[in-house]
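Observations on chain architecture
The primary structure of each chain is shown beneath.
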Amino acid sequence: MDRTGIRVPFGYEPPEETSKGTLLIYDSFDLGDDEDNPSPVAGDWLDRQGLAELAGWAERRFISRVVWYVPHEETLKRMGVRYPAPMYKREEALREAADSIRSGVRTEIDTWERKRKKYTPMDTALRYMEERYKGPYFLGLSEGTANRFASYQDFEEWIRKIRLVVAAGPEFQPHPHLGKHAARWNAATKRE
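Read on for a plain summary of the structure. (Residues numbered from 1 in each chain as written. Predicted model: local features only at pLDDT ≥ 70, side-chain atom pairs only at ≥ 80, totals over all residues. Heavy atoms only, no water.)

**Observations concerning the overall build of the protein chain**
Keep this limit in mind: In this description a helix means any DSSP run of H or I spanning at least four residues, a strand means any run of E spanning at least two, and both kinds are numbered starting from the N terminus. Residue exposure (1.4 Å probe, protein chains only): buried if accessible area is under 20% of the type maximum, exposed if over 50%, otherwise partly exposed. Contacts are assigned to residue pairs with any non-hydrogen atoms lying within 4.5 Å of each other. Accessible surface area values rest on a Shrake-Rupley calculation with a 1.4 Å probe, where residue burial reflects the displayed protein chains alone.
Helix and strand counts for the protein chain come out as eight helices and six strands. What you see in the protein chain, going N to C, is helices and strands ordered as β-α-β-α-α-β-α-α-β-α-α-β-α-β. Expressed as a percentage of its 192 residues, the buried residues of the protein chain come to 47%. A fraction of 71% describes how many contacts in the protein chain between residues 6 or more apart in sequence connect residues 24 or more apart. For the protein chain, the exposed surface amounts to about 11,400 Å²; the carbon and sulfur share of it is 49%.

Here it is, written out as C-alpha cells:
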C-alpha cells in the first residue's frame, strides 16, 4: 500500500459530496431473446427499457451508485420462474445492457450468489447489500417483483429502512401493502 503523503494548500477542505446513496436493483436480468428460454412475462421482470428508466431515475436524484444484483437460478425458481437462464448468461446479457445505458452514475454488478451457489432469500440478499454498500438505500424493482416483495413477511421491516423505486407502467396494480405504504415508494414510469 502506498503511504506517500499528499500536499494541499493551507485551509483546504474537501468538497462536499453532492450525491448520496445506493440504488440496489434486484431482478432476474433475463434479457436474452433465447428461443429455448423465452423471457418471463412482461411486467414481471425488468427489460432493457426498465433498466434505463431506473438508471435515469438514479441520475436525476443524484444517487452515487447503482448496483445490479444478479440472483442464482435456485432463488429465481423459488420466486416462481419456471426455467431461469443460467446465471452466467444473465450476467453477460446484463453487461451488454449496462454498456448500452449511458448514465453519469457509477454502476456495479454484484454476483455474490455465484459464490453461494444456492437459494438465497431476498431478506438475506438485502442484509448483505446493506452491510456492503453505503446508505441511504433505494431498491429498484419491476412491477411483479415489487408486488411479490410486498407479500413477504419481512416487508414491513424493510420498507422502513429502504425506499422502493418501481419501474412501473400506467396499468400497474400495487399490492395492498404497497398501497398502505404509498409514501415509501416511487414509480420510475416506463415510457411507452
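**Examining the pattern of salt bridges**
Applicable threshold: In the sections that follow, a salt bridge refers to a side-chain nitrogen of Lys or Arg positioned within 4 Å of a carboxyl oxygen of Asp or Glu.
With the rule as written, the count across this model stands at 11 salt bridges. One salt bridge connects Asp-123 with Arg-127, and the closest N-O pair in it is separated by 3.3 Å. In this pair, Asp-123 and Arg-127 are both assigned in helix H5 (residues 122-132), four residues apart and thus about one turn of the helix distant. Judged by relative accessible area, Arg-127 falls into the partly exposed class, the value being 31%. Between Glu-157 and Lys-161 there is a salt bridge; the shortest N-O distance is 3.4 Å. Residue Glu-157 and its partner Lys-161 are both found in helix H7 (residues 155-161); the two are separated by four residues, about one turn of the helix.

**Quick word on the nonpolar core**
The line we're drawing: Definition used in this section: a nonpolar core is a set of buried Ala, Val, Leu, Ile, Met, Phe, Trp, Tyr and Cys residues joined via side-chain atoms within 4.5 Å.
Counting residues in hydrophobic clusters, the biggest one holds 28 residues, and the most contacted among them are Tyr-26, Met-129, Leu-139, Leu-141, Phe-149, Leu-164 and Leu-178. When contributions to this core are tallied by element, the ones reaching two or more residues are strand E1 (22-26), strand E2 (65-69), H5, strand E4 (137-142), helix H6 (143-151), H7 and strand E5 (162-167). By residue number, the principal contributor to this core is H5, which donates five residues. If we ignore the near neighbours within four places in the chain, the residues touching Phe-149 are Met-122, Leu-126, Leu-139, Leu-141, Phe-155, Trp-158, Ile-162 and Leu-164. With 24 residues, the next largest nonpolar core counts Leu-23, Leu-51, Met-87 and Val-165 among its residues.

**Regarding the side chain of Arg-65**
Among the structural elements, Arg-65 can be located in strand E2. Here Arg-65 falls in the buried class, since its relative accessible area comes to 19%. Apart from the residues lying within four places of it in its own chain, the contact partners of Arg-65 are Gly-21, Thr-22, Leu-23, Val-105, Arg-106, Glu-108 and Tyr-133.

**Focus on H6**
Where burial is concerned, most of H6 is hidden: seven out of the nine residues are buried. When H6 is considered as a whole, its buried residues turn out to be Glu-143, Gly-144, Thr-145, Ala-146, Arg-148, Phe-149 and Ala-150. If you follow the buried residues of H6, they end up packed against E1, H5, E4, H7, E5 and helix H8 (176-180).

**Brief notes about the packing of aromatic side chains**
Let me state the cut-off plainly: Only Phe, Tyr and Trp rings take part, Trp by its six-membered ring, and two of them pair if their centres are within 6.5 Å. Stacked means planes under 30 degrees apart, edge-to-face means over 60, and tilted covers everything else. For a Lys NZ or an Arg CZ to count as sitting over a ring, it must be within 6 Å of the ring centre and within 35 degrees of the ring normal.
In this structure the tally under the stated criterion is six aromatic pairs. Just above the ring of Tyr-119 sits the side chain of Arg-78; from NZ or CZ to the centre is 4.1 Å. Lys-161 extends its terminal NZ or CZ atom over the ring of Trp-158, reaching a point 4.6 Å from the ring centre.

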